[in-house]
Amino acid sequence: MKMKKLLTLLMLLLVMCGCTFTGVDESKTEETKDEAKEVDLSTLTMVSPKGAPVLAFYDEIGNENYTRVAADAINALWSGDQSPDVMTVDLSSGIKAIANGADYKLAAIVTFGNFYLGSTGNDEDDEMGTDDKIVLFGPENALPNKIWHYLYGNDFDENLVFVADAQAAAAALASGKDSEGNPVDYVFLAQPALTGALKKNKNAKVYKDIQAEYTAKSGLNMIQAAVFINNRVDLETGNVFLAKMEEAINKAINDPEVAKEAMSVYTGDEATAQYGFNPDLVVNVLKQKAASGRNAMGLGFERAYAIKNDIDAFMEVLGANKTSEEIYFK
């Protein structure tokens, strides 16, 4: 009888201890969850080239940790003390940088095609030929040059003129001259710089929609600017940042005035110098439709790993290998 009472008492004690332990553990779990939700993004450093990629960061314009640079300055930032936590650059050159040892992961795509070929009005026969001067922007390993050669081959190489960024290309279309004052006939550039340049040169016009040319040849939609996250950034912080970016981009697409207002920190010539375009153009360009069906700016958001097949197909078109899973932020 005593043994039975002792066993009963032991069982009660075990149950009580078990309940008490479970309760404390669940409480700690909830506290951990609450702490996990509080991710500090204030110290993240971000860099993008001037031009359309700036729109993906329109809500960061007032953030001193966000910097805009010329497209040809990006290559120097992949390593060393100046390498940012988040960098936006054209997809192919970013993937190449990782292959060369850059300590980054491919996280998202934020522009999907805003390239156009503009005519300055200088070409008398109004038909692009191998003797015409053609301006491309960015370094020779960047996407504009790769897309150009995919579409048109090497026939025009002797007369290609490279300028630093879309802003410099827009100046060439607006004036009909390169930075040294030499006449040019055609300019490969991106929106919204295109729209601004067309307003300054009454003889200029859109000669080709590069998205349409690319899709006709490849059967694919174009992928342009990609977001890369430094490996020093932990997964949780990166995911919170990407969720914030996606929300902001969708807001701007649905209501372009949101982006315009946020970018009003700078106005006039200073805004053009800061962004590579006049923010007043953003509203109209975002409302226009490109050949792809997206807004003419090509602005959008997709997590890179979710569209890996599309990225691989795009890279193959450019003569590169498929991407390995190891390069993705996931």
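Whatever comes next refers back to the structure up there.
A brief structural summary. What you see is a predicted model; the values in this text were computed from it and never measured.

**Concerning helix α5 (residues 193-200)**
Point 1. Every buried residue of α5 is accounted for by Ala193, Leu194, Thr195, Gly196 and Ala197.
Point 2. Structurally, α5 contributes buried residues whose contacts are with β5 (115-119), α4 (166-175), β8 (186-190), β9 (205-209) and α10 (282-287).

**Things to note about the environment of Ser179**
Point 1. Locating Ser179 in the fold gives a position in the loop between α4 and β8.
Point 2. It is 9.8 Å that separates the C-alpha atoms of Ser179 and Val161, two residues lying 18 residues apart in sequence.

**Brief notes about the packing of aromatic side chains**
Point 1. All chains considered together, the criterion is met by 15 aromatic pairs.
Point 2. Ring geometry for Tyr186 and Tyr207: centres 4.8 Å apart, planes at 55 degrees, overall tilted. With Tyr186 in strand β8 and Tyr207 in strand β9, this pair connects stretches of sequence that are 21 residues apart.
Point 3. Looking at Tyr186, the relative accessible area reads 0%, which means it is buried.
Point 4. Judged by centre distance (5.9 Å) and plane angle (35 degrees), the rings of Tyr275 and Phe277 are tilted. Each of the two residues, Tyr275 as well as Phe277, counts as buried.
Point 5. Put simply, the rings of Phe115, Phe137, Trp148, Tyr152, Phe156 and Phe188 pair up and form one aromatic cluster.
Point 6. The ring of Phe112 has Arg294 lying over it, and the distance from NZ or CZ to the ring centre is 3.9 Å.

About the cut-offs
- Residues numbered from 1 in each chain as written.
- Predicted model: local features only at pLDDT ≥ 70, side-chain atom pairs only at ≥ 80, totals over all residues.
- Heavy atoms only, no water.
- Buried < 20%, exposed > 50% of the residue type's maximum accessible area, 1.4 Å probe, protein only.
- Helix = DSSP H or I, 4+ residues; strand = E, 2+ residues; numbered from the N terminus.
- Contact = heavy atoms within 4.5 Å.
- Phe/Tyr/Trp six-rings, centres within 6.5 Å; stacked < 30°, edge-to-face > 60°.
- Lys NZ or Arg CZ within 6 Å of the ring centre and 35° of its normal.

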